[in-house]
Amino acid sequence: MSNDILNNIIKDIETKIDSVDITPEIENVWEVFYLWDWVAKVSWLRNVAYNEVVEFESWAIWVALNLEEHFVWVVVLNGFLKILEWEKVKATWRILEVPVWDALVWRVVDSLGNAIDGLWEIKTTTFYPVERVASWVMTRKSVHEPMETWIKAVDALVPIGRGQRELIIWDRQTGKTQVAIDTILNQKWQNVICVYVAIWQKEWKVSRIVEELRKRWAMDYTIVVSAWASSPAAMQYLAPYSWCAMAEYFMLNWRHALIVYDDLSKQANAYREMSLLLRRPPGREAYPWDVFYLHSRLLERAAKLNDDLGAWSLTALPIIETQAWDVSAYIPTNVISITDWQIFLESDLFNAGQKPAINVWLSVSRVWGSAQIKAMKKVSWTLKLDLAQYRELAAFSQFASDLDDSTRKQLERGKRMMELLKQWVYAPVSVPKQIASLYAWANGYLDWIEVSKISKFESDLYASLDDEKTILESIAKDKVISEEKETKLKEILSKVSELNK
């Protein structure tokens, strides 16, 4: 063989060697050496981020929460029963995300966005991270736009503004969930997408809520998320964060959003369970040291964006259940300090038939009039004080044998006001009608009507206002009661009060 031919062969071999990619593909893989109660310990899993998704050979999906020097603690999301010790684990290099899209509206899903309503599979190519830094302060605007609930006691005494974080709190069986559901029902035609997150609720209760929403066509703008009592603690912990991301998607894509967390005390319990399993040191009431951060980083994501970003909003209604009226417990005090406003419900009022059972003495606000239109502020600005005074007088009058005329008159007016604020569930009252009924009380039209006839007076008033629609339309459009419409309103109130004396 000639030297030329040999040189050509050598060059061809060298060219082929140079063109071969011999860079090894590095995978971050190691083994499970501890597995117990929805938690696994993985040894030598390098360069893993907090909240990173890790995959097992059995295709189970977990999320990394404890990062230590020689091992990583991961918590189950699904597929726990398929996992075996010494199974291989692989890092995915991606942070936990959830699907977001309009297709999720009208559906019932779990914490990861999987359909659990027995209908078709949800497919989307858009994902948002579960954990996201709250909107920067310079991107926000002060709360100034009311989110009308059409619940008289709420809109008049403790109004909700778009972009607010308003806490609903008290013991079980006091109507907390019902206030939130009524608020969702009354967002129809308001360009508001609602997300209801049920944490540690029984399946029958969630099914009943979904059925009520469907009967009233509220599922057309609502997503229901359920982390049932039988779900792993990780899914209960994750649900509020996952679906806050969904609500943020709508806020950042030109829609107002409302999210209800029912309830965060159950989420805190799930987080405590996870933390104890992860061997984190316990603190007060066995909660981990970062339990305040658990809720603050969630609720701070509620925001009213500035005009440059479209002035859209995300409103949060967290619910907290207390034990034996103890609002000074660890989790209630934490969430009270984070939220803008608290609606305190009361067991005694609820059992006495006063629904919604709002305790006006304890319920407080940081924005009050900013979340009301001018007409509502005008008729309700002394209402909270009047009701608080009535409550004190009613308590002292039980021990008094004789009352002076002014005290007796104030007690009678308070009784009529309490009766006027009663409202059945699924019985919305528009804000203009609320203003008209509160105007009647403030100007003495109810003083000569028996308490038992207040409900009939209210029904007759609303029927008369429906016939004279210009008053309601004027209040809805101008946000005030003009002199001309006020004169007409007085005429209607005089006629209705005469009929009910």
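All figures in this text were calculated on a predicted structure; none of them were measured in a lab.

What counts and what doesn't
Residues numbered from 1 in each chain as written. Predicted model: local features only at pLDDT ≥ 70, side-chain atom pairs only at ≥ 80, totals over all residues. Heavy atoms only, no water. Phe/Tyr/Trp six-rings, centres within 6.5 Å; stacked < 30°, edge-to-face > 60°. Buried < 20%, exposed > 50% of the residue type's maximum accessible area, 1.4 Å probe, protein only. Lys NZ or Arg CZ within 6 Å of the ring centre and 35° of its normal. Helix = DSSP H or I, 4+ residues; strand = E, 2+ residues; numbered from the N terminus. Expected span 1.5 Å × (residues − 1). Arc of directions from axis to C-beta. Contact = heavy atoms within 4.5 Å. Disulfide = S-S within 2.5 Å. Salt bridge = Lys/Arg side-chain N within 4 Å of Asp/Glu carboxyl O.

Draft legend 1. The packing of aromatic side chains, seen in detail. All told, the structure shown has 11 aromatic pairs when counted by the stated rule. Relative to Trp62, the ring of Phe56 lies with its centre 5.0 Å away and its plane at 45°, an arrangement referred to as tilted. Here the two residues Phe56 and Trp62 agree in accessibility, since each one is buried. Cluster of aromatic residues (ring-pair linked, three or more members): Phe33, Tyr34, Phe71 and Trp73. The ring centre of Tyr287 lies 4.3 Å from the NZ or CZ of Arg272, which sits over that ring. Just above the ring of Phe350 sits the side chain of Lys355; from NZ or CZ to the centre is 4.7 Å.

Draft legend 2. Seen up close, helix α4 (residues 203-215). Its 13 residues give α4 an end-to-end C-alpha distance of 18 Å, which sits within 8% of 18 Å, the value for a rise of 1.5 Å per residue. Taken together, the buried positions of α4 are occupied by Val206, Ile209, Val210, Glu212 and Leu213. Each buried residue of α4 lies within a common arc of 160° when the element is viewed along its axis, so the set occupies one face. Where α4 is buried, its residues touch β8 (108-109), α3 (176-185), β11 (192-199) and β12 (222-227). Just downstream of α4, Trp217 is the residue with a positive phi angle, here 60°.

Draft legend 3. Summary view of the environment of Gly118. Considering the arrangement of structural elements, one finds Gly118 in the loop between β8 and β9 (127-129). According to the relative accessible area criterion, Gly118 is exposed, its value standing at 73%. In this structure, the C-alpha to C-alpha distance between Gly118 and Arg107, residues 11 residues apart in sequence, is 9.8 Å.

Draft legend 4. How the structure looks around the state of the cysteines. Across all of its chains, the model carries zero disulfides by this definition. Cys194 provides the cysteine sulfur closest to Cys244, a residue in no disulfide bond, and the two sulfurs are 14 Å apart.

Draft legend 5. Local environment of the side chain of Thr315. The residue Thr315 is located in strand β15 (residues 313-321) in this model. Apart from the residues within four sequence positions on either side, Thr315 is in contact with Met147, Ile160, Gly161, Arg162, Gly163, Gln164, Ala257, Leu258 and Ile259.

Draft legend 6. Inspection of the environment of Trp36 at higher detail. With respect to the element layout, Trp36 can be found in strand β1 (residues 29-36). With 49 residues separating them in the primary sequence, Trp36 and Glu85 have C-alpha atoms 9.9 Å apart.

Draft legend 7. Summary view of the pattern of salt bridges. All told, the structure shown has 26 salt bridges when counted by the stated rule. Between Arg297 and Glu131 there is a salt bridge, with the nearest N and O atoms lying 3.0 Å from each other. Here Glu131 lies in the loop between β9 and α2 (152-157) and Arg297 lies in helix α7 (residues 291-299), a separation of 166 residues in the sequence. Residue classification places Arg297 among the buried residues on the basis of a relative accessible area of 14%. Of the residues examined, Glu131 reaches a relative accessible area of 23% and is grouped as partly exposed. Through salt bridges with shared partners, a single ionic network connects Arg132, Glu248 and Arg301.

All quantities given are derived from atomic positions and should not be read as evidence of function.
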